[in-house]
Amino acid sequence: MTQELPDFDLPEGWTCWVDLAQAPEGTYSGKAELRQGREQRCVFVLAQQPSREAALERVRFRAKYFVDEWMIRSQDAGYQV
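Here the structure is a predicted model, which means the values were calculated and not measured.

(A) Looking closely at the nonpolar core. Membership of the largest hydrophobic core comes to 17 residues, with the highest contact counts inside it found for Phe8, Leu10, Cys16, Val18, Leu20, Leu34 and Val59. Broken down by secondary-structure element, the contributors of at least two residues to this core are strand E2 (14-22), strand E3 (28-36), strand E4 (39-49) and helix H1 (52-76). With five residues, H1 is the largest single contributor of residues to this core.

Set out below in structure tokens:
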């Protein structure tokens, strides 16, 4: 299941695509991709999570953390975001 999840509360211009798969045991794993505009900024793997909700919450946490760090480092380096 691939889906864009706009409710991640990311800054404008950032999107997160998630590809989750359910294992026969019922756990979820997959990958997520963060983009700033058209630029891919991060792809991360999501290890097994006990439920779909737990997997999505983990993606939300990691996406928010990455974007926050990206913004701080871009400002420190003097780049315009």
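Here the narrative resumes, following the displayed structure.
(B) Structural view of the side chain of Gln49. In this fold, Gln49 is placed in strand E4. Contacts of Gln49, omitting those with residues within four sequence positions, involve Thr27, Tyr28, Ala54, Ala55 and Arg58.

(C) Structural context of the packing of aromatic side chains. The tally for this structure, following the rule as stated, stands at three aromatic pairs. With a centroid separation of 6.4 Å and an interplanar angle of 20°, the aromatic rings of Phe61 and Tyr65 are classed as stacked. Taken together, the positions of Phe61 and Tyr65, both in helix H1 and four residues apart, correspond to about one turn of that helix. These aromatic residues form a ring-pair network of at least three members: Trp14, Phe66 and Trp70.

Calculation notes
- Residues numbered from 1 in each chain as written.
- Predicted model: local features only at pLDDT ≥ 70, side-chain atom pairs only at ≥ 80, totals over all residues.
- Heavy atoms only, no water.
- Core = buried A, V, L, I, M, F, W, Y, C linked by side-chain atoms within 4.5 Å.
- Buried < 20%, exposed > 50% of the residue type's maximum accessible area, 1.4 Å probe, protein only.
- Helix = DSSP H or I, 4+ residues; strand = E, 2+ residues; numbered from the N terminus.
- Contact = heavy atoms within 4.5 Å.
- Phe/Tyr/Trp six-rings, centres within 6.5 Å; stacked < 30°, edge-to-face > 60°.

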